Amino acid sequence: MSFFAHWQKLNWDALSLTLYSKTAADAEAALTKKRLSDDDFMALVSPAAEAYLEPLATRSQELTRQRFGNTLSLFIPLYLSNLCANECSYCGFSMSNRLRRKTLSMAEIEQECAAIKAKGYDSVLVVTGEHERKVGRQYFAQALPIIKSYFSYVMFEVQPLSQKEYLQLSSLGLNAVMVYQETYNAAAYRRHHLRGKKADIEWRLNTPDRLGAAGIDKIGLGSLIGLADWRVDSVFTAMHLSYLQRRYWRSRYSLSFPRLRPCAGTQVDTHVISDRQLVQLICAYRLRFHDVEMSLSTREQARLRDGLFNLGVTAVSAESKTQPGGYANATAELEQFRIDDSRSTSEVAAAIRAQGLQPVWRDWLSQW
């Protein structure tokens, strides 16, 4: 049984009612437990837990240092293409947006890799729009050996693929795949995904199952904060992760917390989350999942990111460009969204050291 089958049995409104009925006593009880259930997690992301942010953050920091030491990994996104065959209300790459489209050639990919490598990175997140015909399996199979020759650890954030395709790319050096559900709310998903294969919620929701079956080393989950109620979406994400850990226990997992950012051609009414609530969410995830990696992107402001370096996250991006060719030949009009932390890699690394942490450039598995 796939997670989609489990998801069909869950009721968004019922879970929402349960979550919003949590009390201060429920939050206090959850904070005392060594291992949290889904119900405990709901208590810690509920409004009732906002008054307990300090003990929540303290416990999150303790667990993170115990499991990951005084380190923080650095990675950088590598955008290969902004072509997309989907119509999504919130994305700058959406097919109807009037922006110049660009897909990097193999020579241009090599230039981007060289520019990124010069900054010191050894872990890279490959990102594209979702266009199976022009930027699909064959394109990835050509590009991956080039990218792998520069970086020890290669992650993908591209359109969902088949299990067979993941197996092929794994044989070429693919280490990890990030596949964000955007939202687990069926009505909101339909409202924001208007055309293209991404509108098929079953295909997308079953992608982590295909990744687990293919034996991918690391699988990344997350919901796009702002499309629906972030508290309820986080509960569904936690349930999804718990399911995957039980069924595909050989894989590692990571969580991300992307907030909607301004981008060209879009205007979306968002379900707002404050900075304090984002801290609450990240810390609650750490108490629920002690060993899961958690990453934070340059979508967030520098001051907030610096404060979170010690509270739960284990990996951060820096000096990110969200357009194809952004490192060797930047063109702002091609970008997917605007970032908020524009500091250089060296500045972010210095901020990490200022927190008493050591920046790490190489994924530990790749050293063996």
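Conventions we followed
Residues numbered from 1 in each chain as written. Predicted model: local features only at pLDDT ≥ 70, side-chain atom pairs only at ≥ 80, totals over all residues. Heavy atoms only, no water. Buried < 20%, exposed > 50% of the residue type's maximum accessible area, 1.4 Å probe, protein only. Helix = DSSP H or I, 4+ residues; strand = E, 2+ residues; numbered from the N terminus. Pairing = 2+ DSSP bridges. Right-handed = clockwise from strand over helix to strand, strands pointing away. 1 Å grid on protein atoms, 1.4 Å probe; cavity = no way out; pocket = protein on both sides within 12 Å on 5 of 7 lines; lining within 4 Å. Points joined across faces, edges and corners; volume = space filled by probe spheres on them. Nonpolar A, V, L, I, M, F, W, Y, C, P; charged D, E, K, R; others polar. Contact = heavy atoms within 4.5 Å. Phe/Tyr/Trp six-rings, centres within 6.5 Å; stacked < 30°, edge-to-face > 60°.

**Q** Please explain the pairing of strand β7 (residues 218–221) as it appears in this structure.
**A** Along any regular strand, the residues point their side chains to alternate faces of the sheet. By the alternation rule, side chains of β7 split into Lys 218 and Gly 220 and Ile 219 and Leu 221, which are all buried. Note: strand β5 (residues 176–178) against β7, three bridges, orientation parallel. Along β7, the bridge assignment pairs Ala 176 with Lys 218. One ladder, built from four bridges, connects β7 with strand β8 (residues 252–256); its direction is parallel. In the sheet register, Lys 218 faces β8, and the bridge partner there is Arg 252. For the crossover from β7 across helix α12 (residues 230–247) to β8, the handedness is right-handed.

**Q** Even after reading the chapter, I still don't get empty space enclosed by the protein, so can you show me in this structure?
**A** The probe, sized like a water molecule, is rolled over the atoms to show the empty space still left. For the coordinates displayed, the defined rule picks out two cavities of 30 Å³ or more. Counted as a void, the largest cavity has a volume near 50 Å³. Every residue lining the largest cavity is listed: Gly 222, Ser 223, Ile 225, Trp 230, Ser 234, Thr 237, Ser 256, Phe 257, Leu 281 and Tyr 285. Where the lining of the largest cavity is concerned, the elements lending two or more residues are α12 and α13 (275–288). Across the lining of the largest cavity, the residue classes tally to five nonpolar, five polar and no charged. Together, Val 179, Tyr 180, Gln 181, Tyr 184, Arg 204, Leu 205, Pro 208, Leu 221 and His 240 line the second largest cavity. Looking at the lining of the second largest cavity residue by residue, the class counts come to six nonpolar, two polar and one charged.

**Q** What is the right way to look at the environment of Arg 362 in this model?
**A** Take Arg 362: it is sitting in the segment after β11 (358–360). On the basis of relative accessible area, Arg 362 is assigned to the partly exposed category, the value being 38%. Taking the C-alpha atoms as reference, Arg 362 lies 7.5 Å from Tyr 153; in sequence the two are 209 residues apart.

**Q** Help me understand the side chain of Arg 259, please; the structure alone is not making it clear to me.
**A** With respect to the element layout, Arg 259 can be found in the loop between β8 and α13. Note on Arg 259: relative accessible area 13%, which makes it buried. Dropping the residues within four chain positions of it, Arg 259 is found in contact with Leu 224, Ile 225, Ile 273, Ser 274, Asp 275, Leu 278, Arg 299, Glu 300 and Leu 304.

**Q** Would you mind showing me how to read the packing of aromatic side chains here?
**A** Between two aromatic rings, the relevant description is the distance of the centres plus the angle of the planes. Counting across every chain of the model gives ten aromatic pairs. Here Tyr 139 and Phe 140 contribute two aromatic rings whose centre-to-centre distance is 6.2 Å and whose plane-to-plane angle is 70 degrees, an arrangement assigned as edge-to-face. By relative accessible area, Tyr 139 is classed as buried at 9%. The class of Phe 140 is buried, set by a relative accessible area of 0%.

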